[in-house]
Amino acid sequence: MSVKKLFDLAGRVAIVTGGSRGIGRAIALELAREGVNVAVNYRRHDGEANEAVAAVRGLGREGLAVKADVASFITSTSREGSEAGR
């Protein structure tokens, strides 16, 4: 079995944190090339996020920009988890 077939991602959905720029954008676009619909998560780069989504759509996939600071979510979730364990 080929590696390509083993890891067939066509029709899947991914959220890429930091997907508006740099490595995150590159990952989002590569996933789109592999047939994945991509949600681009970003914190403050609205224009770049919209451009990344346009590029995903240009590759024939669905794209969505999601503005959220996941770092603050992770911090608050970790804090809640540690308090629950007391």
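Everything below is about the structure shown above.
Only a predicted model underlies this, so the values are computations on that prediction, with no experimental measurement involved.

Peer 1: How would you explain the sheet that holds strand 2 (residues 37–42) if you had to name every residue and give the values?
Peer 2: Within the open sheet, the three strands sit side by side as 1-2-3. Their pairing is parallel. Here the strands that pair on one side only, and so sit at the sheet edges, are strand 1 (13–17) and strand 3 (63–67). Strand-to-strand twist of the sheet, defined as the mean angle between neighbouring strand axes without regard to direction, takes the value 20°. Pairing between strand 1 and strand 2: five bridges, direction parallel. In the sheet register, Val16 faces strand 2, and the bridge partner there is Val40. Most of the contacts of helix 2 (residues 22–33) go to strand 1, to which it runs at about 170°, and overall it touches strand 1 and strand 2. Set on the sheet, helix 3 (residues 46–58) makes contact with strand 2 and strand 3; between it and strand 3 the angle comes to about 160°.

Peer 1: An account of the nonpolar core is needed here, citing residue identities and associated values.
Peer 2: If you look at the biggest cluster of nonpolar residues, it comprises eleven residues: Ala14, Val16, Ala28, Leu29, Ala32, Val36, Val38, Val40, Ala52, Val53 and Val56. With near-sequence residues (within four places) excluded, Val38 lies in contact with Ala14, Val16, Ala28, Leu31, Ala32, Val56, Glu62, Gly63 and Leu64.

Peer 1: Which residues make up the environment of Arg25, and what are the values?
Peer 2: Topologically, Arg25 is positioned in helix 2. Considering only alpha carbons, one finds Arg25 and Ala49, 24 residues apart in sequence, at a separation of 8.6 Å. Once residues lying within four places of it in the same chain are set aside, the contact partners of Arg25 are Gly18, Gly19, Ser20, Glu48, Glu51, Ala52 and Ala55.

Peer 1: Hey, could you go over the packing of helix 2 against helix 3 for me, with residue numbers and the actual values?
Peer 2: Where helix 2 contacts helix 3, the axes come no closer than 9 Å and their chain directions differ by 20°. Compared by their axis directions, helix 2 and helix 3 come out roughly parallel. Here helix 2 and helix 3 pass one another in a crossing that is right-handed. On helix 3, the residues touching Arg25, Ala28, Leu29 and Ala32 of helix 2 are Glu48, Glu51, Ala52, Ala55 and Val56. In the contact of helix 2 with helix 3, the residues fall into six nonpolar, no polar and three charged.

Peer 1: Any chance you could break down helix 3 for me, citing the residues and the numbers?
Peer 2: If you check helix 3, its first and last C-alpha atoms are 18 Å apart, about what 13 residues at 1.5 Å a residue would give, namely 18 Å. At its buried positions, helix 3 is contacted by helix 2, strand 2 and strand 3. Positive backbone phi, at 85°, marks Gly60, one or two positions downstream of helix 3.

Reading the values: the criteria
Residues numbered from 1 in each chain as written. Predicted model: local features only at pLDDT ≥ 70, side-chain atom pairs only at ≥ 80, totals over all residues. Heavy atoms only, no water. Pairing = 2+ DSSP bridges. Helix = DSSP H or I, 4+ residues; strand = E, 2+ residues; numbered from the N terminus. Axes fitted to C-alpha atoms, helices over the stretch in contact; angles between N-to-C directions. Contact = heavy atoms within 4.5 Å. Core = buried A, V, L, I, M, F, W, Y, C linked by side-chain atoms within 4.5 Å. Buried < 20%, exposed > 50% of the residue type's maximum accessible area, 1.4 Å probe, protein only. Parallel < 35°, antiparallel > 145°, perpendicular 65-115°, else oblique. Left-handed = near helix turned anticlockwise from the far one by under 90°. Nonpolar A, V, L, I, M, F, W, Y, C, P; charged D, E, K, R; others polar. Expected span 1.5 Å × (residues − 1).

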